[in-house]
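Reading the structure
Residue-level listing of the chains:
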Amino acid sequence: MKKIRISFPDEKVEALAVLLEDKAPSTCGCLWKALETPVEGLCIHAMWTGREISFPFPGTAFPGDEGLSLPPENQITIPLPGDIVWNAYSPYQWQGNPNIVYDFGVFYGRDSRLLLPMGWKPSTLFARIVENLEPFAAVCARCQGEGRKKLRIERA
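Residues numbered from 1 in each chain as written. Predicted model: local features only at pLDDT ≥ 70, side-chain atom pairs only at ≥ 80, totals over all residues. Heavy atoms only, no water.

1. A look at the overall build of the protein chain
The condition that has to hold: Strands here are runs of E lasting at least two residues and helices are runs of H or I lasting at least four, both read from the DSSP assignment and numbered beginning at the N terminus. Only C-alpha atoms enter the radius of gyration; for comparison, a globular chain is expected to reach 2.2 Å times N to the power 0.38, where N is the number of residues.
Tallying secondary structure elements over the protein chain gives two helices and 11 strands in all. Each helix (α) and strand (β) of the protein chain, taken in turn from the N terminus, gives the series β-β-α-β-β-β-β-β-β-β-β-α-β. A compact globule built from 156 residues would reach a C-alpha radius of gyration of about 15 Å, and the protein chain, at 14 Å, matches this within 12%. Projecting the C-alpha coordinates of the protein chain onto the three principal axes gives extents of approximately 35 × 35 × 25 Å.

Below you can see the structure in the form of structure tokens.
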């Protein structure tokens, strides 16, 4: 069973998530490979989807754009607390952005949905937080008022 560690390094808070390899094998394989080198950057609190932090996964992790060509797997529209989803958008598909956009979304609370400005967006549920959701969720919730926070994602 493969796990990833998602942490707020400045807050010294982390959570562990299990990859759902049986339900999203292509997505899990692609992201596991991409995490041969940990990724770090700023996450934001989502505006449309509810209790979610959104992390723009760096395109450099996918030299052949393999994160964009993943098939739909284990698609959901109503995530539960601890669910982690994957979305990728082709150039100009996300609000006119000319670049590919890779989105790693972590849902930390109830009453969320994958409803975006362009409509419902079924998303690949590929991992679920299994350890430390409560303290991790508290930092996620603070992102809404405090703004962006540094997030690190790595193999556990």
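2. Looking at the layout of surface pockets
This is how it is decided: Throughout, the protein atoms alone are placed on a 1 Å grid, and a set of points is a cavity if a 1.4 Å probe fits but cannot get out or a pocket if it is open with protein on both sides within 12 Å along at least five of seven lines; lining residues have an atom within 4 Å of a point. Grid points are joined across faces, edges and corners, and a volume is the space filled by probe spheres set on the points. Under the convention adopted here, Pro, Cys and the residues Ala, Val, Leu, Ile, Met, Phe, Trp and Tyr are nonpolar, Asp, Glu, Lys and Arg are charged, and Gly plus all remaining residues are polar.
In this structure, the largest pocket encloses a volume near 470 Å³. Lining the largest pocket are 25 residues, and of these I44, S54, W94, V101 and D103 sit closest to its centre. The set of elements that each furnish at least two residues to the lining of the largest pocket consists of strand 3 (39-45), strand 4 (52-56), strand 6 (83-89) and strand 7 (101-107). Tallying contributions element by element places strand 4 first for the lining of the largest pocket, with four residues. Considering only residue class, the lining of the largest pocket consists of 17 nonpolar, six polar and two charged.

3. Observations regarding helix 2 (residues 133-146)
The test is simple: Helix span is expected to be 1.5 Å times the residue number reduced by one. Working definition: with a 1.4 Å probe on protein chains only, accessible area under 20% of the residue-type maximum means buried, over 50% means exposed, and in between means partly exposed. The arc in question is the one traced by the directions running from the helix axis out to the C-beta atoms.
For helix 2, which comprises 14 residues, the first-to-last C-alpha distance of 20 Å matches the rise-based estimate of 20 Å (1.5 Å per residue) to within 8%. All buried positions along helix 2 are accounted for by F136, A137, V139, C140 and C143. With its buried residues spanning 160° around the axis, helix 2 presents them on a single face. Exposed side chains of helix 2 directed beyond 90 degrees from the buried face belong to E134 and G145. Phi turns positive one or two residues past the end of helix 2, at G147, with a value near 95°.

Everything listed here is a matter of coordinates, which is why it stays silent on function.
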